[in-house]
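# Geometric and topological summary
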Amino acid sequence: VYGFRDLNVFCVGCINAVFLNDDIAAAGSWNVKLTADTEHSIASNANEFIGGSIVYGASGNVWDAGAGDELNIFRGITFEESTAVPQVLMEGVTNDAIEDSYVENAQPATASTLCSIVLGNQSGSSWGSKVAYTAHFVRLSNLYMSTPGSRGHNLTAHICFMNSTYSTVEGANAYGSPEYGVYFYPSGTNLDNTIGPSSLSYRSAQYNITPPGNLLWVPHGTYPTAGQWTYGKDGIQFGSMDAAEYG
């Protein structure tokens, strides 16, 4: 499916569709958009994209516009982009997932803002609806990612949590030199998200300002220093630690 002037694939109130080993490329806006049929109150739920590729959409590769969408899965997909747009933007969704996939952003000519995978959205952003939406229980697992740095040390990140609750990242293996491995939008509502064991490259920090209640993986070999823990009757007891360093 190649080169339509607007959307290549548009799912409106679509349920249980399976896209198997399809190559979807070079749309004039988004390669794939999923959204609810609000007129009939039918969300786009339980759709699966398995294998194949979704590459080089002018506005981005996948936009799940939400409004109640659930359980849309992208598994074994090759995602590629060459401009400073999201690979995947998930707004107002629940239990969506990206699994076992390859996610590569080539270096665009300019990248003042480049976030590869975006969970939720914010008012005034340049992506999707451009309004505040929250993504719930999204799962990103076993991803191989490459995100370049910006040329002006602006916001670039493998994964951006704009507004997200109870989402999980596990097994993200990420290369390149973005400013952050994971970026949390400072004014967003990001609650109880979990970053499990992952390898996230970065230029400035693995995580930026981390909201309370989010659980972050700290790389193997990074340990508490002397005075930050002691042995107690119930085992190791931790004292004062640098939250910015240890998450």
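Refer to the structure printed above.
### Considering the environment of Asn72
- You can see Asn72 is positioned in the loop between β7 (60-64) and β8 (73-75).
- Using a relative accessible area of 0% as the deciding quantity, one classes Asn72 as buried.
- Beyond its immediate chain neighbours, meaning those up to four positions away, Asn72 contacts Leu34, Ser44, Asn45, Ala46, Asn47, Asp64, Asn95, Asp96 and Ala97.
- Side chain to side chain, Asn72 and Asp64 meet in a polar contact 2.9 Å long.

### Quick word on the environment of Ile159
- With respect to the helices and strands, the residue Ile159 is situated in strand β15 (residues 155-161).
- On a C-alpha basis, the gap between Ile159 and Met145 in space is 9.7 Å, while along the polypeptide they are 14 residues apart.
- Not counting the four nearest positions on each side in its chain, Ile159 is found in contact with Ile117, Leu140, Met145, Val169, Gly181, Val182 and Tyr183.

### Things to note about the nonpolar core
- In terms of nonpolar packing, the biggest core is built from 37 residues, with Phe49, Ile54, Phe79 and Leu140 touching the most fellow members.
- Apart from residues lying up to four places away in sequence, Leu140 is in contact with Ile98, Ile117, Leu119, Ile159, Thr168, Val169 and Glu170.
- Counting 12 residues, the second largest nonpolar core, distinct from the first, contains Ala65, Val118, Met162 and Tyr183.

### Some points on the sheet that holds strand β19 (residues 190-191)
- Spatial ordering of the open sheet is given by β13-β16-β19, a layout of three strands whose pairing is parallel. Strand pairing shows two members of the sheet lacking a second neighbour, β13 (135-136) and β19, which therefore form its edges.
- Bridge analysis of β13 against strand β16 (residues 164-165) gives two bridges, and the strand direction is parallel. Across the sheet, the residue bridging to Ala135 is Ser164, located in β16.

What counts, and where the lines are drawn
- Residues numbered from 1 in each chain as written.
- Predicted model: local features only at pLDDT ≥ 70, side-chain atom pairs only at ≥ 80, totals over all residues.
- Heavy atoms only, no water.
- Helix = DSSP H or I, 4+ residues; strand = E, 2+ residues; numbered from the N terminus.
- Buried < 20%, exposed > 50% of the residue type's maximum accessible area, 1.4 Å probe, protein only.
- Contact = heavy atoms within 4.5 Å.
- Polar contact = N/O pair within 3.5 Å; in protein donor to acceptor, adjacent residues only side chain to side chain.
- Core = buried A, V, L, I, M, F, W, Y, C linked by side-chain atoms within 4.5 Å.
- Pairing = 2+ DSSP bridges.

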